[in-house]
Amino acid sequence: MGTTYARAVRPDVTPGPDCVPTFDPLLGAPNRKERVMKATTDEMVSAKLPLADRDYCADKLLKYRSCRADVFPFLYKCHHEKHEYMTCEFEDYVLRMKEYERERRLLERQKRLDAAA
């Protein structure tokens, strides 16, 4: 039904939209890799990317924007760069939802363990 409803019903086990992970990132996944930004802050500032677009897909967005600038008005030639960027955004969204769900389940587990002790 959504996070607003879940936070109203069970606020102690539902992470907020801007929560920082409280559990060890390697808990349950010892081979997990840390995500790194490929685009530097200077590149994003010089390209005047809005803060909302400064995520893990910023490098693909910069490639897409430069392609559009290079081939204008034949923007259809940048379909590959656009597809890469949109795929990256989708995968980032899925990963963020998985992280949210992981945090929620670990909070529920912690609550159960505290109640049992």
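Note that the coordinates shown come from a computational prediction; the quantities given were computed from them, not determined experimentally.

A. Broad picture of the packing of helix 3 (residues 58-71) against helix 4 (residues 79-116). In contact at an axis separation of 9 Å, helix 3 and helix 4 are set at 155 degrees when each is read in the N-to-C sense. Taken together, helix 3 and helix 4 sit at an angle that is classed as roughly antiparallel. Crossing geometry of helix 3 relative to helix 4 is assigned as left-handed. Between helix 3, through Lys-60, Leu-61, Lys-63, Tyr-64 and Cys-67, and helix 4, the contact on the second element is made entirely by Glu-81, Lys-82, Glu-84, Tyr-85 and Cys-88. When the residues that make up the contact of helix 3 with helix 4 are grouped by side-chain class, the tally is five nonpolar, no polar and five charged.

B. How the structure looks around the packing of aromatic side chains. On inspection of all chains with the given rule, the structure shows one aromatic pair. Ring centres of Phe-74 and Tyr-76 lie 6.4 Å apart, and the angle between their planes is 85 degrees; this geometry places the pair in the edge-to-face category. What makes Phe-74 partly exposed here is its relative accessible area of 43%. Using a relative accessible area of 58% as the deciding quantity, one classes Tyr-76 as exposed. Taking NZ or CZ as reference, Arg-35 lies 3.9 Å from the ring centre of Tyr-56, over its face. Sitting above the plane of the Phe-74 ring, Lys-77 keeps its charged end 5.2 Å from the centroid.

Rules and cut-offs
Residues numbered from 1 in each chain as written. Predicted model: local features only at pLDDT ≥ 70, side-chain atom pairs only at ≥ 80, totals over all residues. Heavy atoms only, no water. Axes fitted to C-alpha atoms, helices over the stretch in contact; angles between N-to-C directions. Helix = DSSP H or I, 4+ residues; strand = E, 2+ residues; numbered from the N terminus. Parallel < 35°, antiparallel > 145°, perpendicular 65-115°, else oblique. Left-handed = near helix turned anticlockwise from the far one by under 90°. Contact = heavy atoms within 4.5 Å. Nonpolar A, V, L, I, M, F, W, Y, C, P; charged D, E, K, R; others polar. Phe/Tyr/Trp six-rings, centres within 6.5 Å; stacked < 30°, edge-to-face > 60°. Buried < 20%, exposed > 50% of the residue type's maximum accessible area, 1.4 Å probe, protein only. Lys NZ or Arg CZ within 6 Å of the ring centre and 35° of its normal.

The analysis is restricted to geometry; functional conclusions fall outside its scope.
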